[in-house]
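Below are the chains, spelled out letter by letter.
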Amino acid sequence: DLGGTEICTTGDDPIFQHYPVCISRGKSKTSLEGDYHHIEISHDWTHASPCFKGYGAEAPICAFTDETFAGGRGISIITTPKRANYLASTQAFTAPDLVHGINPASDQPTTSKYEMRLVPGKGMGLIATSRIRRGDLIMANTASLMIDYRAFNELSVSQYTTLQEFAVTHLPPRHAAALLALSPHTTNTSHFTRAQLIDAIAATNGFDIDPTDNDPDQHHSFFVLFPDIARMNHDCRPNADYRYEPHRLAQHVRAVRDINPGEEITLTYIDPLGLRAARTGRLKNTWGFECACPLCSLGSATTGNGPEDAVGKARSAASDQRIERIIELRQKLQRVWKRDDDHDDDDNGLEDDNDTGGSDPSKTTSPAMAELLVTLYETERLWGGLHEAYILAALEYSGAGDAWTAIKYASLGLEWGIPMLGAADEDVVDLKKLAENPWGHWSWKRTVGKEGKRK
Ligand SMILES: C[S@@+](CC[C@H](N)C(=O)[O-])C[C@H]1O[C@@H](n2cnc3c(N)ncnc32)[C@H](O)[C@@H]1O
């Protein structure tokens, strides 16, 4: 307990000796006293590791654990003391009720919604055991292990794997065991040290999480483990999607369509708007596995020459053609209907140079294009992105001065978008205004002009 104590590394520790450090509560600033750097922390972490400082790096990086986080589930964070202080000042720590009880109970491996089973070609996976409705919350996980990307970029492999081992080892035993039971992707781990095993598990199961607006370290993302969600396999046409809630340090997974009992619950690990070769290449290169999802498996049955294979290849080629058309239509429509206050933080793949700031209503888009986009999303079973197509259709109809069809698509956009984006999302807030009063919305008759003639 660091409540009143000071923890110092021993100067002769072979691993930590180059950055001897004392961590204590309540010191006024980071300073060098004698042979030790003194680091102030503002939270009662139950454990804090010795620190490493990369060559030329601004700050040391350490592992901090709070065993009491989220009702005793615990959390470990590998980052700088300053950023650990920042995270400890956020609501997830200061308002514990917000994170209490959101994780699946650890003594209950199955819930009424799903259970873990072996899935051929994919290792373990989660299978629905009851009907799950579109938009329903399937599960939520608070972060177990958060790793500041600076650990990978500034420290040596032996340094960051030492911190990862410290971070996992000091979590409450049941939680640490759940992390250690996750897939390390490769089957032969008998020659791995514990630190190597933890590193392989982290690499196989982590999610990238961007810094929030208030985070003082805007340029450094986190790599985060959510161990129950990590059991969900990838599918290029998933039936669930995830959203991170920063104030809870928690990932939430919701159904993007109705899921029947017996169906596997899946997420996409990559942008699904990619051609088959790009998707399988990405999964192989960055994730290290041959995608065995139904779409990627089309046309690669048994011999590779049978009639079923020919049908599969044709279906796969048709899917690629639809994807190409979706990318093209979406880009055109997004370019026209970008809001003035939207500053390209939406990862929509558009370059800033292409943005018109919403001020240049296009003569090249039409409601028919938006309708086609909706149909293509549906045919391609891209349920997780369908709200985007509805939003664009609502704007396009509003731009054309067709209030009732704009209201129809705005309502659909809200119905499909709120579970995925959250009610506070800027696009959702804007869409609500459009659904309530298209005549007063910024997009109203923007394409045709106020006199009703097409501009
Ligand atoms: C985050 S884990 C998912 C859970 C994992 N199957 C388990 O047993 O715990 C990611 C690993 O699952 C496997 N996997 C996930 N989706 C897959 C897919 N579509 N095809 C083949 N393997 C997949 C790969 O081994 C991948 O490295």
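Below, the structure is looked at part by part. (Residues numbered from 1 in each chain as written. Predicted model: local features only at pLDDT ≥ 70, side-chain atom pairs only at ≥ 80, totals over all residues. Heavy atoms only, no water.)

**So, the packing of helix α5 (residues 157-169) against helix α7 (residues 194-205)**
And step 1. Between α5 and α7, the least distance of the axes is 9 Å, while the angle of their chain directions is 85°. With respect to their mutual orientation, α5 and α7 come out roughly perpendicular. Packed against α5, whose contacting residues are Tyr160, Thr161, Gln164, Glu165, Val168 and Thr169, the element α7 presents Arg194, Ala195, Ile198, Asp199 and Ala202 at the interface.
And step 2. Along the lines of polarity and charge, the residues of the contact of α5 with α7 split into five nonpolar, three polar and three charged. (Axes fitted to C-alpha atoms, helices over the stretch in contact; angles between N-to-C directions. Helix = DSSP H or I, 4+ residues; strand = E, 2+ residues; numbered from the N terminus. Parallel < 35°, antiparallel > 145°, perpendicular 65-115°, else oblique. Contact = heavy atoms within 4.5 Å. Nonpolar A, V, L, I, M, F, W, Y, C, P; charged D, E, K, R; others polar.)

**Here we look at the packing of aromatic side chains**
And step 1. Here the structure, examined in full by the defined rule, presents 19 aromatic pairs.
And step 2. Taken together, a centroid distance of 6.0 Å and an interplanar angle of 80° make the contact between phenylalanine 152 and phenylalanine 223 edge-to-face. Highlighted residues: phenylalanine 152 in helix α4 (residues 149-154) and phenylalanine 223 in strand β13 (residues 222-225), separated in sequence by 71 residues.
And step 3. Looking at phenylalanine 223, the relative accessible area reads 14%, which means it is buried.
And step 4. Relative to tryptophan 439, the ring of tryptophan 404 has its centre 5.6 Å away and its plane inclined at 75°; by these criteria the two rings are edge-to-face. Linking tryptophan 404 in helix α13 (residues 403-421) with tryptophan 439 in the segment after α14 (426-436), this pair joins segments that are 35 residues apart in sequence.
And step 5. Overall, tryptophan 404 belongs to the exposed group, its relative accessible area being 61%.
And step 6. Connected via pairs of aromatic rings, a cluster forms that spans Trp383, Tyr390, Tyr397, Tyr409 and Trp416.
And step 7. Its guanidinium or amino end placed over the ring of tryptophan 416, arginine 134 lies 3.7 Å from that ring's centre, counting from NZ or CZ. (Phe/Tyr/Trp six-rings, centres within 6.5 Å; stacked < 30°, edge-to-face > 60°. Buried < 20%, exposed > 50% of the residue type's maximum accessible area, 1.4 Å probe, protein only. Lys NZ or Arg CZ within 6 Å of the ring centre and 35° of its normal.)

**With respect to the packing of helix α12 (residues 386-399) against α13**
And step 1. Running from amino to carboxyl end, α12 crosses α13 at an angle of 155°, the nearest separation of the two axes being 8 Å. Taken together, α12 and α13 sit at an angle that is classed as roughly antiparallel. The handedness of the crossing between α12 and α13 is left-handed. In contact with Leu386, His387, Tyr390, Ile391, Ala393, Ala394, Tyr397 and Ser398 of α12, α13 contributes Thr405, Ala406, Tyr409, Ala410, Leu412, Gly413, Trp416, Gly417, Met420 and Leu421. (Left-handed = near helix turned anticlockwise from the far one by under 90°.)

**A few points about the site of the ligand**
And step 1. Near the ligand there are 19 residues, and of these Lys122, Met124, Arg231, Asn233 and His234 occur at the shortest range.
And step 2. Within the backbone of lysine 122, a nitrogen or oxygen atom sits 2.6 Å from a nitrogen atom of the ligand.
And step 3. In the model, a nitrogen atom of the ligand is placed 2.7 Å from a nitrogen or oxygen of the methionine 124 main chain.
And step 4. Protein contact buries 94% of the 560 Å² of open area that the ligand shows by itself. (Near = heavy atom within 4 Å. Polar contact = N/O pair within 3.5 Å; in protein donor to acceptor, adjacent residues only side chain to side chain. Areas by Shrake-Rupley, 256 points an atom, 1.4 Å probe, with all protein chains shown as cover.)

**Quick notes on the state of the cysteines**
And step 1. Going through the model one piece at a time under the given rule, you end up with one disulfide.
And step 2. Each sulfur in the disulfide pair cysteine 51 and cysteine 62 lies 2.2 Å from the other. Taking the torsion about the sulfur-sulfur bond, which here is approximately 95°, the covalent link between cysteine 51 and cysteine 62 counts as right-handed. Of this pair, cysteine 51 sits in the loop between β5 (47-48) and β6 (62-66) while cysteine 62 sits in strand β6; the two residues are 11 residues apart in sequence, bridging distant segments of the chain.
And step 3. With a relative accessible area of 0%, cysteine 62 lands in the buried category.
And step 4. Its sulfur unpaired, cysteine 291 is 3.6 Å from the next cysteine sulfur, which belongs to cysteine 296.
And step 5. Using a relative accessible area of 13% as the deciding quantity, one classes cysteine 291 as buried. (Disulfide = S-S within 2.5 Å.)

**Observations concerning the nonpolar core**
And step 1. Formed by 41 residues in total, the largest nonpolar core has its most connected members in Ile138, Met146 and Leu249.
And step 2. When residues in this core are grouped by element, the largest group, four residues, is from helix α2 (residues 81-88). (Core = buried A, V, L, I, M, F, W, Y, C linked by side-chain atoms within 4.5 Å.)

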